[in-house]
Amino acid sequence: MDFSSFLTSLATSFIIFLVLMILFTWLKRRPGNHVIYYPNRILKGMDPYEGFRVSRNPFAWIREALSSTEADVIRMSGVDTAVYFVFLSTALGILVFSGLFLLPVLLPVAATAHTVMKAIDTTSNGTFNDLDKLSIGHIEEKNVRLWAFLIATYWVSFAAFFLLWKAYKHVSSLRADALMSPDAKNEQFAVVVRDIPSVPEGQTRKEQVDTYFKTIYPDTFHRSLVVTDNKKVNKIYDELEGFRKKLTRAETIYAESKGTANPEGTRPTTKTGLLGLLGKKVDAIEYYNEKVKELSLKLESEQKVTLKDKQQSAAVIFFNNRVTAAAASQSLHDAMVDTWTVVAAPEPRQLLWTNLSKNFYERQIRQYVIYFIVFLTIFFYMIPIGLISALTTLANLKKYLPFLKPVVDQPRIRTLLEAYLPQLALILFLALLPSFLLFLSKAEGIPSESHAQRAASGKYFYFSVLNVFIGVTVGSALFDTFKKIQEKPDSTIALLAKSLPGSATFFLTFVALKFFVGYGLELSRLVPLIIFHIKKKYLCKTEAEVKAAWAPGNLGYATRFPNDMLVLTIVICYSVIAPIIIPFGVVYFGLGWLVLRNQALKVYVPSYESYGRMWPHMFNRIIAALILYQATMVGYFAAKQFYYTPILIPLPILSLVFAFICTKKFYRFFESTALDVACRELKETPNLEAAFRSFIPPSLSGEKAGEDQFEDAHAQDARSTSMV
């Protein structure tokens, strides 16, 4: 990419962002769009403009974001969202602190070097000469000026250590404040027990569980909820809910058809076959009413069978105080670790019920099988990613697709393709992966949604780094270096080390495209807005359907954080090689903080709350990026034949020691609730029955009180057992 193409890319992206921001300012003021731009506030019963001043200024949202506090974020979107902003602030701080030294020191050092560059040292494949003069590639081998870059490598590392330590302490205090809140939370009185042994003769599963925990916790045990196989009852429940929605829709259509010209209205019809398109034509309201009655009876019958005959080797245990539950979740309950495994209960909405009954050894086997599948996924994805990087250069397009040459040779088209083609191809390719990784994480047997999201996020991060960062870096020189490697195999490491700077401009454009276009679309919410209005006009008939059409969803940590980490990894790894990338990283995280602050306060609604348990995962990934950066710099200085390269060797060791100290000091509190935190007084006596009911799956709750239904079924089970 030449300099004009880079400027075209940057200017176009910035103009797109400004246009989207102006659209956002105009669209959000229209009352019909409030559900798209203020859904969080609307769902909390607040006025969209409550606490804010209505303004036509397209930059007013920036002032509102900057004036908001961490307490505002926690109140509107929870602790997990506040912790995500701690990550953004930490990443921004690392880059700002790094830039304070690297930009004023390294840029003049590189620019004033009187060196004739070799083609191998270019940061832009020899075309972006202005960038070359501001990079380490402009320093000749063994030159004393490399000392400045070596010191800068230490500066970036210690800036990261300092800010990560402060962030870990701050997040720990956020988690502690949330968990010691005087407001009782249902999950704080419960634990999940898995790997329950076979039921002894003469006992039911519930009697076995109750006896076991009453013996250990005679004064604080409240009751148990045995996990059941809900596959069949869930299917009936989902079918019933589907027909209830169809009935409501049909009744609404019928009511709307009544008017002056037709006071009786027109009763809607449907067909009884596949998707209502085939089969006998019938009155829709009567048909749906019959199906609802039929399925209600079927559901009630299946609920009794499920509760009586489909109990599994897992349960949720309830205690009458938070301290006992916290102590139980971190205690060894049996001499064998594969029996009576107890962990803290997540929120009821987080539980992955189908995973709770998977036994200890099945979970271990599944975990290793999934890791192997992820390894294969990463390995085989490197092939197409490398090909995308190599083939989407214009030279290779003309070489391998000669029929495109007349189009590619057009100056304007060539400039646009150079600016966007590789980056867009890569972004679209990556969009296919997250759902697959989340599916794999849940298949491990993980018990909660937040844990599965963290696991998927980790897989996606390593995939992104190994395939995008390393894959593009190597792939960009794949066709150029393969012949040289073939001729001289012992030069492989040196050639790969020297290929790193050649991708600098690719990543500069990649980051710029993500923060201007990506955050512009995020702020304007054009795609959700268009989808909502299409659904509302042509598909939605009931209030529930309209509400489902504008439901905002959550921040999406499983994909958002790995994408942010990819950018942070790229910027850190290139911060010393090509310091000019640092301002782009600062803009990415600074703009991201502003845009997402607005979205957290007004748009997104969290689907779960884990009280900051994502932070240790974030911390470990930042450390991994830091170690990759340090190892990269060791290899690059070695390729520069700098005699003092061994001075950098302690850096990765320091990073590991720092991570070890932080983990030992802070991590345990994120794994378990400290008893000192759990023992704080509550505002009022907890409603333990409400806590119990909150954990009953919707498909088993029925029309009557859920706990009565459970007790009736278990009592019947006990009677039938005693008669045998």
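Residues numbered from 1 in each chain as written. Predicted model: local features only at pLDDT ≥ 70, side-chain atom pairs only at ≥ 80, totals over all residues. Heavy atoms only, no water.

A. Local environment of the overall build of the protein chain. Within the protein chain, the secondary structure is distributed over 32 helices and 6 strands. For the protein chain, the accessible surface area stands at approximately 33600 Å², while carbon and sulfur atoms represent 63% of it. (Helix = DSSP H or I, 4+ residues; strand = E, 2+ residues; numbered from the N terminus. Areas by Shrake-Rupley, 256 points an atom, 1.4 Å probe, with all protein chains shown as cover.)

B. A look at the packing of helix α5 (residues 70-77) against helix α6 (residues 79-111). Two elements in contact, α5 and α6, have axes whose closest approach is 7 Å; the angle formed by their N-to-C orientations is 140°. The orientation of α5 relative to α6 falls into the category oblique. Each of Glu70, Val73, Ile74 and Ser77 in α5 lies in contact with α6, whose residues at this interface are Val79, Thr81, Ala82, Phe85 and Val86. For the contact of α5 with α6, a count of residues per class yields 6 nonpolar, 2 polar and 1 charged. (Axes fitted to C-alpha atoms, helices over the stretch in contact; angles between N-to-C directions. Parallel < 35°, antiparallel > 145°, perpendicular 65-115°, else oblique. Contact = heavy atoms within 4.5 Å. Nonpolar A, V, L, I, M, F, W, Y, C, P; charged D, E, K, R; others polar.)

C. Looking closely at the confidence of the model for the protein chain. Here the protein chain averages 83 in pLDDT, and 81% of its residues register 70 or above. Note on residues 124-128: pLDDT is under 50 here. Beyond four places in sequence and across chains, it has 13 contacts. Predicted confidence for residues 715-724 stays below pLDDT 50, and this span has 10 contacts to residues more than four positions away or in other chains. (pLDDT = per-residue confidence, 0-100.)

D. View of the pattern of salt bridges. In this structure the tally under the stated criterion is 19 salt bridges. Measuring nitrogen to oxygen at the nearest pair gives 2.6 Å for the salt bridge that ties Arg267 to Asp283. Pair noted here: Arg267 is in the loop between α10 (231-257) and β3 (269-271) and Asp283 is in strand β4 (residues 281-283), with a separation of 16 residues, a long-range link. Relative accessible area serves as the criterion here: at 35%, Arg267 is assigned to the partly exposed category. Among the charged side chains, a network of salt bridges with common partners joins Lys232, Glu302 and Lys310. (Salt bridge = Lys/Arg side-chain N within 4 Å of Asp/Glu carboxyl O. Buried < 20%, exposed > 50% of the residue type's maximum accessible area, 1.4 Å probe, protein only.)

E. Representation of helix α4 (residues 60-67) within the structure. Listed in full, the buried residues belonging to α4 are Ala60, Trp61, Glu64 and Ala65. The buried residues of α4 occupy one face: seen down the axis, they fall within an arc of 135°. Opposite its buried face, α4 presents the exposed residues Leu66 and Ser67, each directed more than 90 degrees away. (Arc of directions from axis to C-beta.)

F. Looking closely at the environment of Val546. Here Val546 is to be found in helix α24 (residues 543-550). Once you skip the residues sitting within four places of it in the chain, Val546 turns out to touch Phe532 and Cys540.

G. The arrangement of the packing of aromatic side chains in detail. A complete count under the given rule lists 42 aromatic pairs for this structure. Taken together, a centroid distance of 5.3 Å and an interplanar angle of 25° make the contact between Phe101 and Trp155 stacked. Taken as a pair, Phe101 in helix α6 and Trp155 in helix α8 (residues 146-179) lie far apart in primary sequence, 54 residues in all. Seen in terms of ring centroids, Phe243 and Tyr288 are 6.1 Å apart; in terms of plane orientation they differ by 50°. Their pairing is tilted. Taken together, the residues span a long stretch of sequence, with Phe243 in helix α10 and Tyr288 in helix α11 (residues 284-309) at a distance of 45 residues. In this pair, the class of Phe243 matches that of Tyr288, namely buried. Taken together, the ring pairs in this structure connect Tyr154, Phe158, Phe161, Trp165, Tyr168, Trp615, Phe619, Phe658, Phe666, Phe669 and Phe670 into an aromatic cluster. Lying across the ring of Phe243, Lys246 places its NZ or CZ 5.1 Å from the centre. Between the NZ or CZ atom of Arg267 and the centre of the ring of Tyr254, over which it lies, the distance is 5.2 Å. (Phe/Tyr/Trp six-rings, centres within 6.5 Å; stacked < 30°, edge-to-face > 60°. Lys NZ or Arg CZ within 6 Å of the ring centre and 35° of its normal.)

H. Structural view of the nonpolar core. Counting 122 residues, the largest nonpolar core has Phe87 and Trp615 as the members making the most contacts within it. The residues contacting Trp615, other than those within four sequence positions of it, are Val83, Val86, Phe87, Thr90, Ala167, Tyr168, Val171 and Phe670. Leu247, Tyr254, Val282 and Leu307 belong to the second-largest nonpolar core, a separate cluster that totals 31 residues. (Core = buried A, V, L, I, M, F, W, Y, C linked by side-chain atoms within 4.5 Å.)

I. Geometry of the environment of Ser224. You can see Ser224 is positioned in strand β2 (residues 221-228). Using a relative accessible area of 2% as the deciding quantity, one classes Ser224 as buried. Separated by 91 residues in sequence, Ser224 and Ala315 have C-alpha atoms that sit 6.7 Å apart. Setting aside residues up to four positions removed in sequence, Ser224 forms contacts with Lys206, Val209, Asp210, Val316, Ile317 and Phe692. A polar contact of 2.5 Å, which involves the side chain of Ser224, links it to the side chain of Asp210. (Polar contact = N/O pair within 3.5 Å; in protein donor to acceptor, adjacent residues only side chain to side chain.)

J. Examining the sheet that holds β2 more closely. The antiparallel open sheet is built from 4 strands, whose spatial order is β2-β5-β1-β6. Because the sheet does not close on itself, it has two edges, and the strands there are β2 and β6 (341-344). Between one strand and the next, the sheet's axes are offset by a mean angle of 25°, whatever the strand orientation. Of the pairings in the sheet, the one linking strand β1 (residues 190-194) to strand β5 (residues 311-319) comprises 4 bridges and is antiparallel in character. From the neighbouring strand, Val192 faces β5, where its bridge partner is Val316. Lying on the sheet, α11 is in contact with β2 and β5; it crosses β5 at an angle near 85°. (Pairing = 2+ DSSP bridges.)

K. Structural detail: the environment of Ser173. When you line up the elements, Ser173 lands in helix α8. A relative accessible area of 31% means that Ser173 is categorised as partly exposed.

L. Quick peek at the pairing of β5. The buried count for β5 comes to 8 of 9 residues, which makes it a mostly enclosed element. Bridge count between β2 and β5: 6 bridges; the pairing is antiparallel. Looking across to β5, one finds that Val226 is bridged to Ala315.

M. Here's a closer look at a nonpolar patch on the surface. Together, Val96, Phe97, Leu100, Trp155 and Phe162 make up an exposed nonpolar region whose accessible area comes to about 480 Å². Looking at the nonpolar patch, the element that brings in the most residues is α6, giving 3 residues. Position of Leu100 among the secondary structure elements: in helix α6. (Patch = residues over 30% accessible without salt bridge, like charges linked within 9 Å, V, L, I, M, F, W, Y side chains within 5 Å.)

N. Molecular detail of the packing of helix α27 (residues 615-639) against helix α28 (residues 650-671). Their axes nearest at 10 Å, the elements α27 and α28 cross at an angle of 175°. One finds that α27 runs roughly antiparallel with respect to α28. When α27 is examined against α28, the residues Trp615, Pro616, Phe619, Ile623, Leu626, Ile627 and Gln630 are found in contact with a partner set consisting of Leu651, Pro652, Ser655, Leu656, Phe658, Ala659, Cys662, Tyr667 and Phe670. Across the contact of α27 with α28, the residue classes break down as 14 nonpolar, 2 polar and no charged.

O. Region of interest: unusual backbone geometry. Non-glycine residue Arg525 carries a positive phi angle of around 50°. Structurally, Arg525 can be placed in the loop between α22 (504-524) and α23 (526-538). Judged by relative accessible area, Arg525 falls into the buried class, the value being 6%. Look at Tyr611: it is not a glycine, yet its phi comes out positive at around 55°. Within the element layout of this structure, Tyr611 appears in the loop between α26 (581-602) and α27. Residue classification places Tyr611 among the buried residues on the basis of a relative accessible area of 11%.

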